[in-house]
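Chain and residue survey
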Amino acid sequence: MLYYSTNKRSSAVSLREAVIRGLAPDGGLYMPETLPEIPVSYFDTIHRLSLGEIAFDIADAFLGGDIPRDVLAGIIDDALDFTIPLTEVEKDIYSLELFHGPTMAFKDVGARFMSRLMAWLYRNEKKELNVIVATSGDTGSAVAAGFYSVEGINVFVLFPEGKVSPLQQKQITTWGNNIHAVRVKGNFDDCQKLAKQMLSDRELNALLPVTSANSINIARLIPQSFYYFHAYAGLARKKRPVVFSVPSGNFGNLTGGLMARAAGLPVHKFIAATNINDVFPKFMETGKYRPAPSKQTISNAMDVGDPGNFARVTDLLGKNPDKLRKIILSGSWSDAKTARAIKDLYKNTGYIMDPHGAVAYLGLKEYLNKYDDTVSAVFLETAHPAKFPETMKKIIRDYEDLPPQLRGVMNREEKFHSMMNDPMELKRYIEEVNN
Ligand SMILES: *Cc1c(COP(=O)(O)O)cnc(C)c1O
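Here we summarise the structure given alongside this text. Computed from a prediction, not measured in an experiment: that's the story for all the values here.

**Quick look at the overall build of the protein chain**
A count of helices and strands for the protein chain gives 20 helices and 13 strands. Relative to the 2.2 N^0.38 estimate, which gives 22 Å for 435 residues, the radius of gyration of the protein chain is 20 Å and therefore close to what a compact globule would have. For the C-alpha atoms alone, the extent of the protein chain along its principal axes is close to 60 × 50 × 40 Å. Residues counted as buried form 60% of the 435 residues belonging to the protein chain. When the accessible surface of the protein chain is split by element, carbon and sulfur atoms take 48% of a total near 17,400 Å². When the 51 basic and 50 acidic side-chain charges of the protein chain are each reduced to a single mean position, those positions are 4 Å apart.

**Overview of the site of the ligand**
The full set close to the ligand counts 15 residues, and K107, G249, N250, F251 and T382 are the nearest of them. In this structure, K107 approaches the ligand through a side-chain N or O atom, which is 2.4 Å from an oxygen atom. Within the backbone of N253, an N or O atom sits 2.8 Å from an oxygen atom of the ligand. The fraction of the free accessible surface of the ligand (380 Å²) that becomes covered by protein chains is 98%. For the shell around the ligand, the per-class residue count stands at six nonpolar, seven polar and two charged.

**Focus on the nonpolar core**
Considering soluble globular proteins, one finds that nonpolar side chains tend to be buried as a cluster. Membership of the largest hydrophobic core comes to 96 residues, with the highest contact counts inside it found for F147, F244, F270 and I328. When sequence neighbours within four positions are dropped, the list of residues in contact with F244 reads Y228, A231, L265, V267, K269, F270, I271, V378 and L380. Core analysis: the second largest hydrophobic core is formed by 33 residues, A273, V359, V375 and F379 among them.

**Examining the packing of aromatic side chains**
Here the structure, examined in full by the defined rule, presents 18 aromatic pairs. Through a chain of ring-to-ring contacts, three or more aromatic side chains come together here, namely F251, F280, F283, Y289 and F310. Looking at R123, its charged tip hangs above the ring of W120, at a distance of 4.0 Å from the centre.

**Here we look at the packing of helix 5 (residues 107-121) against helix 11 (residues 223-235)**
Running from amino to carboxyl end, helix 5 crosses helix 11 at an angle of 130 degrees, the nearest separation of the two axes being 8 Å. Overall, the two elements helix 5 and helix 11 adopt an arrangement that is oblique. Regarding helix 5 and helix 11, the two cross each other, and that crossing is right-handed. Contact residues: helix 5 offers V109, G110 and F113, while helix 11 offers P223, Q224, F226 and Y227. By residue class, the composition of the contact of helix 5 with helix 11 is five nonpolar, two polar and no charged.

**Concerning helix 5**
The first and last C-alpha atoms of helix 5 sit 21 Å apart over 15 residues, in line with the 21 Å expected at 1.5 Å per residue. Among the 15 residues that make up helix 5, 13 are buried, leaving the element largely enclosed by the rest of the structure.

**What to know about the pattern of salt bridges**
Applying the stated rule across the entire model yields 17 salt bridges. Residue R183 is joined to E161 by a salt bridge in which the shortest nitrogen-to-oxygen separation is 3.6 Å. Of this pair, R183 sits in strand 7 (residues 179-184) while E161 sits in the loop between strand 6 (153-160) and helix 7 (166-173); the two residues are 22 residues apart in sequence, bridging distant segments of the chain. Residues E366 and K370 are paired through a salt bridge, measuring 3.1 Å at the closest nitrogen-oxygen approach. In this pair, E366 and K370 both sit in helix 17 (residues 355-370), four residues apart, roughly one turn of the helix. Given the relative accessible area of 34%, E366 is considered partly exposed. A relative accessible area of 55% places K370 in the exposed class. Several salt bridges converge on common partners, so that one network encompasses K91, D92 and R240.

So, how was this worked out
Residues numbered from 1 in each chain as written. Predicted model: local features only at pLDDT ≥ 70, side-chain atom pairs only at ≥ 80, totals over all residues. Heavy atoms only, no water. Helix = DSSP H or I, 4+ residues; strand = E, 2+ residues; numbered from the N terminus. Rg over C-alpha atoms; globule rule 2.2 N^0.38 Å. Buried < 20%, exposed > 50% of the residue type's maximum accessible area, 1.4 Å probe, protein only. Areas by Shrake-Rupley, 256 points an atom, 1.4 Å probe, with all protein chains shown as cover. Lys, Arg positive; Asp, Glu negative; His and termini not counted. Charge placed at Lys NZ, Arg CZ, Asp CG, Glu CD. Near = heavy atom within 4 Å. Polar contact = N/O pair within 3.5 Å; in protein donor to acceptor, adjacent residues only side chain to side chain. Nonpolar A, V, L, I, M, F, W, Y, C, P; charged D, E, K, R; others polar. Core = buried A, V, L, I, M, F, W, Y, C linked by side-chain atoms within 4.5 Å. Contact = heavy atoms within 4.5 Å. Phe/Tyr/Trp six-rings, centres within 6.5 Å; stacked < 30°, edge-to-face > 60°. Lys NZ or Arg CZ within 6 Å of the ring centre and 35° of its normal. Axes fitted to C-alpha atoms, helices over the stretch in contact; angles between N-to-C directions. Parallel < 35°, antiparallel > 145°, perpendicular 65-115°, else oblique. Left-handed = near helix turned anticlockwise from the far one by under 90°. Expected span 1.5 Å × (residues − 1). Salt bridge = Lys/Arg side-chain N within 4 Å of Asp/Glu carboxyl O.

Keep in mind these numbers describe shape, not what the thing actually does.
Here it is, written out as C-alpha cells:
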C-alpha cells in the first residue's frame, strides 16, 4: 500500500517511509491510497468478537500488505493489553472508556501501537531514530510511556511551560533513559510549530533521522479506528443507528472514526465536540477555516487553535460544510457548561466524567434533544478524571481518586531541558543528545 500526501505535491511513499517521516516533504499529511472495504457481512457477527480480534482484523485490512500477520498480531497483543469498556451511563447513552491504559488517556492506544510498529519498521537501521512530539498534556505522557526503553529510538517531548497539569508534567518528565522532556516558554501551538520545524529542517534531517509522533503520524491514526468497531460490536444487537461524539482538539481521534466509517463501519453521525477553541465548529458554520491562538480551558488536551488533522478530515470528506454536515455535526462548549454536566451526571447517576469526555457528552445531549433520540449514542471518554484532580475537586466537592497507574508517578523526580521558543536551541539540544 502506498501513502499519499494531502497536499498532493510530494510523491506517494511506502508505509515505512510514511511512518518514519511523519509529515510529507510538502507539509501534507499521509493517507493510504485506498481504504480497506470491510464486507457488510462482517457486521452481522461482529458482536461475537473480542477487542483483540477486531483490532487484528482491522489492522490486517489496513496494513496486511506491509506487515506479516504474526508480527501484526504481536504488536496488537502487546499494545492493547488493557480493556476498553462501553458503559451505559443513561438510557441508550454510552461512555466508551478509552482511559484504561498506562497513562489513562486514549492516546495510549495510538502511541503504544505506533511505537511498536515504528521499532519493527526501523529494526535494521544503525543510527537511532529521533521522535519529536509536541504535547498539550496527554500526547506527551502517552508517547513517553509507549516508547520508554524501545530500542533504537530517542524521544523528545516538547511541552508548554505552565500549561499542563502537575500530574501530566510528572507523566512526561519522570522517565529518563531514551525519553527527553523539553519545557518550552510558549503555548502548545509554539511547541507544535517547533516540532514541525525540526521535521522539515534540512540540515538536521541530513544529520539525523527525525520523525514525529503527533497525531499527524498515520501509525497513530490507524489504531484509533479499532475502538469505533469495538464500540459498534457492543451495540450491534440493539439495531439502532450509532452516533459517536468525539471530544476534539487536533482531530486525530475523529479522523480515526472517519477512517473506520470510510472502511465500512455503519456510523450514523459523528459529533465533533470542542471546548471554546472552536475553529472547527466555526468552519462548519461559515465554511471559513480561521486558525486562532489556543485558549486555556479545563479540557486542556483540546486547547488547539489550528487542528493538525483538519487536512485529513477534508481530504476524506471534502471542504463543503453542507456536505460535511451530513456526516459530522459540531459545536463548542464552555468550561462552565462542562463543569455543570459533570456535576449533574454525577448527581443523577454516580458516573464521573472527566472534562474532555464531558464536552463530548454535551455534544450528544444536544444532538439527542435537537435531532433524534432513537439512536445508540456513544461519547468517547478520553481520560480518567483522576488525571485532573484540581479541576475535579472544584466540580465535585469530595472528589478523591488515585488509580494505581497514577499513584507511583507523583513521587518520582522530574527531569527536563528548559528552553525558549527557539528552533536553533532545540536543534542543538537534539544533536547533543545524539552525540
Ligand atoms: C488528545 C486528547 C483529546 C483530543 O484528541 P484529538 O485527537 O487531538 O482531537 C481529547 N481528550 C483527551 C483526554 C486527550 O488527551
